Amino acid sequence: MKKLFAEFFGTYWLVFGGCGSAIFAAGFPELGIGFAGVALAFGLTVLAMAYAVGHISGGHLNPAVSLGLWAGGKFPAKDLIPYIIAQCVGAIAAAGTLYTIASGKAGFAIDSTKAGAFASNGFGAFSPDGYSLQAAFIAEFVLTLFFILIIMGATDKFANSNFCGIVIGLTLTVIHLISIPITNTSVNPARSLSQALFVGGGPLSQVWLFWAAPVSGALLGGFIYKNLLQKHSEEAQINKSTIT
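Residues numbered from 1 in each chain as written. Predicted model: local features only at pLDDT ≥ 70, side-chain atom pairs only at ≥ 80, totals over all residues. Heavy atoms only, no water.

Caption draft 1: The confidence of the model for the chain, seen in detail. For the chain, the average pLDDT comes to 93, and 95% of its residues sit at 70 or higher. Mean pLDDT across the secondary structure elements of the chain bottoms out at helix H11 (residues 233-243), with 49, and peaks at helix H5 (residues 80-102), with 98. Low pLDDT, under 50, characterises residues 240-244; the stretch is placed with zero contacts to residues that sit more than four places away or in other chains. (pLDDT = per-residue confidence, 0-100. Helix = DSSP H or I, 4+ residues; strand = E, 2+ residues; numbered from the N terminus. Contact = heavy atoms within 4.5 Å.)

Structure representation (C-alpha cells):
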C-alpha cells in the first residue's frame, strides 16, 4: 500500500504541477511562462518525485513507464494493474483539484472544441498546431520509446544513478519542448485521461491514441533495452576493468 500511495501522490503532483502550469500560468498576459515554462514544470515535478517517492515505489508516475519497465524485466507483472490504477486515480484527483480551482474565477468554462483546452491532448483539430493522427501517433510513440530507454539506462545497476532523477526530469522537459505543438504532449496515459475526462467532447474521444502510442512505444523501449542494450554483470565488469 505504501508503494501505491507513493504512485498516487507522485502522479497527483505531476498532473497538478505540469497541467496546472499550462492552465494557469502559460497564457497569463505579458507574464505567461509559455511552452518552455510548461515543459520545465513537467520536468521539475518528475525530478522532485523521483527523489521524494522513487525509493518507495520506483517513482513511475505513468502507466507507460510501468509497462515499459515490465517489458524490460525490471517490474513484476503482478504489480502492473495496482500501479496503473493508483496512477490514474492520482491523475484524476489532481485534474479535479485543478478544475475546482479554475472554477473559482468568474466566467470559467472549458471549451471542448478548442485544442489544448484544460491542458488536454489531441490530434487534428485538437492538436495545438493542427498535426494529423499519424503525426501525433509517431511523435508519442518515439518520444515514449526514448523516455523508457533513458529511464532504464539511468537507473541501471551498472550506471551512476546518483543523478538519475535529474536525467529523467530533463528528458521529460525536452520531450515537452518537442511535442507541445504536436499533441500538447502526453507520453503518459494517466495524464491524458485525467484532463480528457473533464473536457469531454473531441479530446475524450481521442484519448485512445494517448494510451495506444505511449504504451506501444514503452513496450518496445523496454524490449530494446533488455535485449540490445542492457549489460550483464560479466560485461560490466570487463568494461570497468578496461576503464580503470
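Caption draft 2: Geometry of the state of the cysteines. This structure, assessed with the given rule, holds zero disulfides. The closest cysteine sulfur to the non-disulfide-bonded Cys19 is located on Cys88, 13 Å from its own sulfur. A residue is classified by how much of its surface remains accessible, and Cys88, at 11% relative accessible area, is buried. (Disulfide = S-S within 2.5 Å. Buried < 20%, exposed > 50% of the residue type's maximum accessible area, 1.4 Å probe, protein only.)

Caption draft 3: How the structure looks around helix H1 (residues 2-25). The end-to-end C-alpha distance of H1, which contains 24 residues, comes to 33 Å, matching closely the 34 Å that a straight helix rising 1.5 Å per residue would cover. Taken as a whole, H1 carries its principal kink of about 25° at Cys19. The set of residues buried in H1 consists of Ala6, Glu7, Gly10, Thr11, Leu14, Val15, Gly17, Gly18, Cys19, Gly20 and Ser21. In this structure, the buried residues of H1 make contact with helix H2 (34-52), helix H3 (54-57), H5, helix H7 (164-183) and helix H8 (189-199). (Expected span 1.5 Å × (residues − 1). Bend = angle between axes of the 7 residues up to and from the residue.)

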